[in-house]
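Listed below are the residues making up each chain.
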Amino acid sequence: QVRLVESGGGLVQAGGSLRLSCAASGRFFSINVMGWYRQAPGKQRELVAAITSGGSTNYADSVKGRFTISRDNALYLQMNSLKPEDTAVYYCHAVIRKTVVGGTIDYWGQGTQVTVSS
């Protein structure tokens, strides 16, 4: 059973920083793209940042220059200069190949709350 487990959310004042982490557990062959999504109350889930297995990154315009995504054996999101509009539940996402010959499957973490106070 493959699982993604996030940590690092919390409450921070505007201008502050948080670092989110996401670890994959279980048996699998490889992880392709990993990313962070967020969903604010009453809004659709949106991509925040993504990173390929080769290290190429992609960011939402709203977080460029403030957030940094990285990965080694886990996935990270360094969030600086946080704004109240960054408040949301943040979800880890991974495209995982469980076997050498199998296809890829999308996995999601359970989400971690980030709240930025003004």
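Going by the structure above, here's the rest.
Residues numbered from 1 in each chain as written. Predicted model: local features only at pLDDT ≥ 70, side-chain atom pairs only at ≥ 80, totals over all residues. Heavy atoms only, no water.

**Some thoughts on the packing of aromatic side chains**
And then number 1: One pass over the full model with this rule turns up one aromatic pair.
And then number 2: The side chain of arginine 45 reaches across the aromatic face of tryptophan 108, ending 4.7 Å from its centre. (Phe/Tyr/Trp six-rings, centres within 6.5 Å; stacked < 30°, edge-to-face > 60°. Lys NZ or Arg CZ within 6 Å of the ring centre and 35° of its normal.)

**A closer look at the state of the cysteines**
And then number 1: In total, this model carries one disulfide according to the counting rule given.
And then number 2: Linked covalently through their sulfurs, cysteine 22 and cysteine 92 form a disulfide whose S-S length is 2.0 Å. Its torsion about the S-S bond being -75°, the disulfide of cysteine 22 and cysteine 92 is classed as left-handed. Linking cysteine 22 in strand β3 (residues 18-25) with cysteine 92 in strand β9 (residues 88-97), this pair joins segments that are 70 residues apart in sequence.
And then number 3: On the accessibility criterion, cysteine 22 (1% relative accessible area) is buried. (Disulfide = S-S within 2.5 Å. Helix = DSSP H or I, 4+ residues; strand = E, 2+ residues; numbered from the N terminus. Buried < 20%, exposed > 50% of the residue type's maximum accessible area, 1.4 Å probe, protein only.)

**Focus: the nonpolar core**
And then number 1: Ranked by internal contacts, the top residues of the largest apolar core, which has 30 residues, are Trp36, Leu77, Met79 and Tyr90.
And then number 2: Listed by contribution, the elements that provide at least two residues to this core are β3, β4 (30-39), β5 (46-51), β7 (67-71), β8 (74-79), β9 and β11 (112-117).
And then number 3: When residues of this core are assigned to their parent elements, the largest contribution, five residues, is made by β9.
And then number 4: Contact partners of leucine 77, with chain neighbours within four places excluded, come to Leu18, Arg19, Leu20, Trp36, Val48, Ala49, Phe67, Thr68, Ile69 and Tyr90. (Core = buried A, V, L, I, M, F, W, Y, C linked by side-chain atoms within 4.5 Å. Contact = heavy atoms within 4.5 Å.)

**A few points about the sheet that holds β8**
And then number 1: Taken in spatial order, the four strands make up an open sheet running β1-β3-β8-β7, and their pairing is antiparallel. Taken across any chain shown, the strands that pair with only one partner, and hence form the sheet edges, are β1 (3-7) and β7. Taking each pair of neighbouring strands and ignoring which way they run, the sheet shows an average axis angle of 15°.
And then number 2: Sheet topology note: the β1/β3 ladder contains five bridges and is antiparallel. Counted as the bridge partner of valine 5 is alanine 23 from β3. (Pairing = 2+ DSSP bridges. Axes fitted to C-alpha atoms, helices over the stretch in contact; angles between N-to-C directions.)

None of the figures reported here should be taken as evidence of function without further support.
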